[in-house]
Amino acid sequence: MELWHLGILFLAALVAGAINSVAGGGSFISFPALLLVGVPPITANATNATALWPGSAASVGAYRYELGRQEKGLLLFSVLSLIGGLAGALLLLRTREAVFTQMIPYLLLLATLVFAFSPWLTAQARRLSASAEGTRRQRFGLLGIYLSIAVYGGFFGAGLGILTLAVLSLMGQENIHEMNALKTLQATLINGIAVAAFILAGIVEWPIALIMTLGAIIGGYGGAAIARKLDPLLVRRLVIGLSVSLTIYFFVA
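Residues numbered from 1 in each chain as written. Predicted model: local features only at pLDDT ≥ 70, side-chain atom pairs only at ≥ 80, totals over all residues. Heavy atoms only, no water.

1. Some points on the overall build of the chain
Phase 1: Within the chain, the regular secondary structure consists of 12 helices and 0 strands.
Phase 2: What you see for the chain is a C-alpha radius of gyration of 18 Å, in line with the 18 Å of a compact globule of 253 residues.
Phase 3: Split into buried and exposed, the 253 residues of the chain put 47% on the buried side.
Phase 4: In the chain, the share of contacts with a sequence separation of at least 24, taken over all contacts with a separation of at least 6, comes to 83%.
Phase 5: Of the side-chain charges in the chain, 15 are positive and 9 negative, and the distance between the mean point of each set is 6 Å. (Helix = DSSP H or I, 4+ residues; strand = E, 2+ residues; numbered from the N terminus. Rg over C-alpha atoms; globule rule 2.2 N^0.38 Å. Buried < 20%, exposed > 50% of the residue type's maximum accessible area, 1.4 Å probe, protein only. Contact = heavy atoms within 4.5 Å. Lys, Arg positive; Asp, Glu negative; His and termini not counted. Charge placed at Lys NZ, Arg CZ, Asp CG, Glu CD.)

Shown next as structure tokens:
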């Protein structure tokens, strides 16, 4: 890999880290960047997850208080996250490169739609939660849906946080800080066990991952100070515009 390729990946991770700290959607920057410099798709997915995981893990500490207030459902969600994340990672490892390559445009399209319509999804989830009776069968159904989301997170993961928030809303949670705390912890667990599987399988490009991790940390802690001065809605629109462009590119390419 050329030195300028590493520079591009460092900058992509830096921007991704800043975007994740403000509006989410950093993978729309970092994952395509890996593909565009020639990293094979499955390796790119594993390396991207590995590079961005430390930033997610670091965020959990900021939610210690909120997590301490919801111990009741914490263990159940955590177990489902670990099971689903591992299943998704193993599914990716068993997927042929050519098949995953064909799936990329559709995965990006799904993630783009989830990100673009996240306010509507959250509002609909809260409306359904307010009108639901909350029976045991419904609750088990929602836990099944969350397990499917965790599998998706281990397999690909873009848009994972938004889908998790939607399920939490359907389960009746209303405190956005507690919801964000649970979402952050579960994303860390899902991605963490997936990354462990990728490392054991030997498909992580470590020089690239370390460079991108450094960029993501700098972007998350330094670039966010600049990004927070921007209108979050503007940042969201920029991410949506870029993700739509990249989705179209991978459909056409």
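2. Structural notes on the packing of aromatic side chains
Phase 1: Evaluated as defined, the whole model comprises 7 aromatic pairs.
Phase 2: Centre to centre, the rings of F31 and F156 are 5.4 Å apart; their planes meet at 85 degrees, and the pair counts as edge-to-face. Of this pair, F31 sits in helix α2 (residues 27-36) while F156 sits in the loop between α8 (136-155) and α9 (160-170), placing them 125 residues apart in sequence.
Phase 3: Relative accessible area serves as the criterion here: at 2%, F31 is assigned to the buried category. (Phe/Tyr/Trp six-rings, centres within 6.5 Å; stacked < 30°, edge-to-face > 60°.)

3. Structural notes on helix α5 (residues 71-93)
Phase 1: With 23 residues, α5 should cover 33 Å at 1.5 Å per step; its first-to-last C-alpha distance of 33 Å lies within 8% of that length.
Phase 2: Within α5 the residues assigned to the buried category are L74, F77, S78, L80, S81, G84, G85, G88, A89 and L92. (Expected span 1.5 Å × (residues − 1).)

4. Details of the UniProt feature "transmembrane region" (unreviewed entry) in the chain
Phase 1: UniProt annotation of "transmembrane region" (unreviewed entry) refers to residues 74-93, 105-123, 143-168, 180-200, 206-227 and 234-252 when read in the numbering used here.
Phase 2: In residues 74-93, the share of helix is 100% and the share of strand is 0%. The end C-alpha atoms are 28 Å apart.
Phase 3: Along residues 180-200 one finds 100% helix and 0% strand; the C-alpha atoms at either end are 30 Å apart. (UniProt positions renumbered as here; feature names shortened; annotations may be inferred.)

5. Observations regarding the side chain of T43
Phase 1: With respect to the secondary-structure elements, T43 resides in helix α3 (residues 41-60).
Phase 2: In this structure T43 comes out as buried when scored by relative accessible area, which is 14%.
Phase 3: Setting aside its immediate chain neighbours within four residues, T43 contacts I203 and E205.

6. A short note on the side chain of E178
Phase 1: Turning to its location among the elements, E178 is positioned in helix α10 (residues 176-201).
Phase 2: Of the residues examined, E178 reaches a relative accessible area of 14% and is grouped as buried.

7. Description of the pattern of salt bridges
Phase 1: For the structure shown, the criterion picks out 1 salt bridge.
Phase 2: For E178, the salt bridge identified is with R69, shortest N-O distance 3.4 Å. One end of the pair, E178, is in helix α10; the other, R69, is in the loop between α4 (64-68) and α5, with 109 residues separating them in the sequence. (Salt bridge = Lys/Arg side-chain N within 4 Å of Asp/Glu carboxyl O.)

8. Brief notes about the nonpolar core
Phase 1: If you look at the biggest cluster of nonpolar residues, it comprises 46 residues, and the most contacted ones within it are F31, F100, F156 and F198.
Phase 2: It is helix α6 (residues 97-116) that provides the largest number of residues to this core, a total of 7 residues.
Phase 3: For F100, the residues in contact, after removing those within four places along its chain, are F31, P41, I42, N45, L92, T95, L107, F155 and F156.
Phase 4: If you look at the next biggest cluster of nonpolar residues, it comprises 21 residues, including V60, L67, L165 and I190. (Core = buried A, V, L, I, M, F, W, Y, C linked by side-chain atoms within 4.5 Å.)

9. Some words on the environment of G220
Phase 1: Here G220 lies in helix α11 (residues 206-227).
Phase 2: With a relative accessible area of 22%, G220 lands in the partly exposed category.
Phase 3: It is 25 Å that separates the C-alpha atoms of G220 and I42, two residues lying 178 residues apart in sequence.

10. Some thoughts on the packing of α2 against α6
Phase 1: Across the interface, α2 lies against α6 with an axial gap of 12 Å and an inter-helix angle of 165 degrees. As judged from the angle between their axes, α2 and α6 are roughly antiparallel. Seen along the crossing, α2 lies across α6 with a hand that is left-handed. Where α2 approaches α6, its residues F28, F31 and L35 are matched on the opposing element by F100, I104, L108, A111, T112 and F115.
Phase 2: Residues of the contact of α2 with α6, tallied by class, amount to 8 nonpolar, 1 polar and no charged. (Axes fitted to C-alpha atoms, helices over the stretch in contact; angles between N-to-C directions. Parallel < 35°, antiparallel > 145°, perpendicular 65-115°, else oblique. Left-handed = near helix turned anticlockwise from the far one by under 90°. Nonpolar A, V, L, I, M, F, W, Y, C, P; charged D, E, K, R; others polar.)

11. Points about the layout of surface pockets
Any space left empty among the atoms is revealed by the rolling of a water-sized probe across them.
Phase 1: What the second largest pocket holds in volume is close to 260 Å³.
Phase 2: If you go around the second largest pocket, you meet 14 residues; those closest to its centre are K72, G73, F77, R139 and M171.
Phase 3: Secondary-structure elements contributing two or more residues to the lining of the second largest pocket are α5 and α8.
Phase 4: Of the residues that constitute the lining of the second largest pocket, the class distribution is 8 nonpolar, 3 polar and 3 charged. (1 Å grid on protein atoms, 1.4 Å probe; cavity = no way out; pocket = protein on both sides within 12 Å on 5 of 7 lines; lining within 4 Å. Points joined across faces, edges and corners; volume = space filled by probe spheres on them.)

12. A few points about α10
Phase 1: Spanning 26 residues, α10 covers 37 Å between terminal C-alpha atoms, matching the ideal 38 Å at 1.5 Å per step.
Phase 2: Immediately downstream of α10, the backbone of G202 shows phi near 75 degrees, a positive value.

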